[in-house]
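Take a look at the letters that make up each chain.
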Amino acid sequence: MPDSRPEKLKSEIRRSLANSALRSAVARATATTLAKRAAHVAAEPRWEAMRAAAARIKRETVAHLDRYLAQFEAAATAAGIRVHWARDAAEACHHVRALAAAHGVTEVVKSKSMVTEEIGLNAHLERHGIEVVETDLGEFIVQLAGEPPSHLTAPALHKRREDIGRLFAEKLGVAFTDDPVALTALVRERLRGRFLRAGLGITGANFALAREGALVVVENEGNALLTMNLPKRHVVVLGMERLLPSIDELPLFLDLLVVSATGQAFPGYVSVLRGPTPPDRPGPDEVHVVVVDNGRSRMLARPEYRELLHCIRCGACLNVCPVYRQIGGHAYGWVVPGPIGAALIPLVLGLERGRDLPFASTLCGACADICPVKIDLPGHLLRLRGDIAAAGLTGVAERLVVRSWAFAARHPRIYRALTALPRLLGRLPVRAWTATRDMPRPARRSFRRLWDEEERRP
Amino acid sequence: MNEARAAIFDAVRRALADTASTECSADADGPDLAGAALQPATDGVRPAAGGMAHFRAVLEELGAGFAEALSAEAAADWIAGALAAAGVKRLAVVGAPGGPALVARLGAAGIGLEPLDGLAPDACRRCLEEVPAVLTAADFALERTGTLVFTPATLPFRGAAGLPPWHIAVLPHARVVADLAALFASHPEVTRQPLLFVSGPSRTADIEKTLVLGAHGPARLDVVVVGGAA
């Protein structure tokens, strides 16, 4: 797993909170997307019915994943797509590198793909002398900056235009500009030759259609279109949970994905791939798909968390999360940030490494309300908190407080005495909390006492 | 590879063994989705089709141009005028968009046409790198989202929709359908083909959510619908 560091969550949070530029950039970007999404949802009277249908379809697909995987493999193979299987990140990276090596490829172009981030593909290929060029503008920016993406659909969302202008000036040797049009044009010009030269194009896929053996790639820039069609070979790296039963479900899932991710009605480009191009036409004469497990079957084996495999990586839960909007994506320390990341990280990297993540949530429920496939994220975070506590991974002070509270709760006299303390003191002894917030003064009489008085009243 | 495949299927089947019988509604042998309960609820979901005016409004909102022409000749005149206004004299042509009459009239108007049909793959790619504009025929369009639909029959090389800076697409009026679900329902043969959907010019908002057209693909897209009034 590349550069995972969820253990540093607390220090990363402090660093993010001190960075006002980061916070304002994230807040502005997420607010823009949420407003556009809300307008589309308001105009769609069947939105809730669509979410419910999508949740049922994902539950059905994941519950029969073995069958859908076999069906996808058979149909894709019949269409001329070569299917490879990878148990873990190392195997997945090996497949891609072997394909490149078999054709003497030293330069590849790549479009945005979270699963390739998850398996650390770029670093692996670079270590073996294969240059990887990210072609999505946001990915190009973070690759140039040597950073991971900070959002599932907007990798450079944390960067201001002046940061990007300075980065380009420093790394590309161009005159400084912070004009998004000029910066975008510069990347277009720089990358066009790369598309034409590259011996291999690498993409992810938003969906794989089991019945048709087809792969669906969604984008706005046209970089994935060029990545898939200009090099002679195309490799799709596919998380094995990305299956849909058939193309019949595609209209529904495209609607939900695109509205939730970007607030658009339809993406700029959607490609439904069904095999290599015939030799007399331009296009890839080889199409490969690497189906990646990398911990997904372990998650599948835990029915209580299986629903997390329904995620379609739209990023809406990030946009709406009050924690993500304050700290951005890098603080989470893994490729998938936000509420979905906070739930996935302890399951993928282990409870010990990810033990702080489920607590980085207010449990306000906004993520569950916005999720297009109705994943109960707060429920999963709460369950993980229980698992972490049961594993003895919470701090000593926290364990002491919880045990004391449990003891007091079983002894009403002690409980009453303790709850009277703040009234006697006039405030609660929580300086860290009140340093940046107002704490209302405790009521003079407790609810219990008021209730008793009410009961005694004739 | 076979070892990995076997291991993955084994892990998945073991993971599902305890719960599949209680969680799923489909039978054990087939991939059938077992009835309407699992079908996407798209029928009736869409707002009523708003006609060509809605299609045009959506395209313009996406930053694309729109024109309606009564005949192929009128479409050719519109395209020739647009090219002339932009100072563009060369046009790659995929197939015969709008029919031979349209293409012939463009040639007669002094546009340097570069037919891509029959070119070797490398020559085709080179041509598309160099030309300022490409003319294609779309198979269908989706009114609700302003989307063009291409199959290999009309766009044998998908890259043609992504390489030149200007993309002009022509389609008959009768090929504009309400939305994707309606297309799949009315033309099921489409679901059996590779597809490319294009909605507006290439765009990005990766820098501070500022919309920029022409990120990697065409910065300009024009859609010419032929034969409406007829």
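The text that follows walks through the structure, step by step, so that each part is easy to find. (Residues numbered from 1 in each chain as written. Chains lettered and ligands numbered in written order. Predicted model: local features only at pLDDT ≥ 70, side-chain atom pairs only at ≥ 80, totals over all residues. Heavy atoms only, no water.)

What follows deals with the sheet that holds strand 8 (residues 176-177) of chain B. Backbone-to-backbone hydrogen bonds join strands into a sheet, with any given pair of strands oriented parallel or antiparallel. Read from one edge of the open sheet, 8 strands run 8(A)-5(A)-6(A)-9(A)-9(B)-6(B)-5(B)-8(B), paired in mixed fashion. A strand with exactly one partner marks an edge of an open sheet, and here the two such strands are strand 8 (243-244) of chain A together with strand 8 of chain B. Pairing of strand 9 (residues 269-273) of chain A with strand 9 (residues 195-198) of chain B, which is carried by 4 bridges, proceeds in the antiparallel orientation. Bridge pairing links Val272(A) to Leu195(B) in strand 9 of chain B. (Pairing = 2+ DSSP bridges. Helix = DSSP H or I, 4+ residues; strand = E, 2+ residues; numbered from the N terminus.)

The full count for this structure, using the stated rule, is 37 salt bridges over all chains. A salt bridge links Glu304(A) to Arg302(A); the nearest nitrogen and oxygen atoms lie 3.3 Å apart. Residue classification places Glu304(A) among the partly exposed positions, given a relative accessible area of 33%. Measuring nitrogen to oxygen at the nearest pair gives 2.9 Å for the salt bridge that ties Arg220(B) to Asp222(B). (Salt bridge = Lys/Arg side-chain N within 4 Å of Asp/Glu carboxyl O. Buried < 20%, exposed > 50% of the residue type's maximum accessible area, 1.4 Å probe, protein only.)

This next bit is on the side chain of Glu241(A). All names here are of chain A. Relative to the helices and strands, glutamate 241 is located in the loop between strand 7 (233-239) and strand 8. With a relative accessible area of 4%, glutamate 241 lands in the buried category. Every residue in contact with glutamate 241, bar those within four places of it in the chain, is listed here: Lys58, Arg296, Leu309 and Arg313. (Contact = heavy atoms within 4.5 Å.)

What follows concerns helix 6 (residues 121-130) of chain B. Buried residues of helix 6 of chain B: Pro121(B), Cys124(B), Arg125(B), Cys127(B) and Leu128(B), and no others. Seen end-on, helix 6 of chain B carries its buried residues on one side only, within an arc spanning 160°. Check the buried side of helix 6 of chain B and you find it contacts helix 11 (223-229) of chain A together with strand 2 (90-93), strand 3 (112-115) and strand 4 (134-137) of chain B. (Arc of directions from axis to C-beta.)

A word on the sheet that holds strand 10 (residues 286-292) of chain A. Residues and elements named next belong to chain A. Ordered in space as 1-10-7-4-2-3, the 6 strands form an open sheet in which the pairing is parallel. A strand with exactly one partner marks an edge of an open sheet, and here the two such strands are strand 1 (82-86) and strand 3 (131-134). Strand-to-strand, the axes of this sheet are offset by a mean angle of 25°, without reference to chain direction. With respect to the sheet, helix 4 (residues 65-78) is in contact with strand 1, strand 7 and strand 10, its orientation differing from that of strand 1 by roughly 145°. (Axes fitted to C-alpha atoms, helices over the stretch in contact; angles between N-to-C directions.)

Interpretation in functional terms is not warranted from these geometric data alone.
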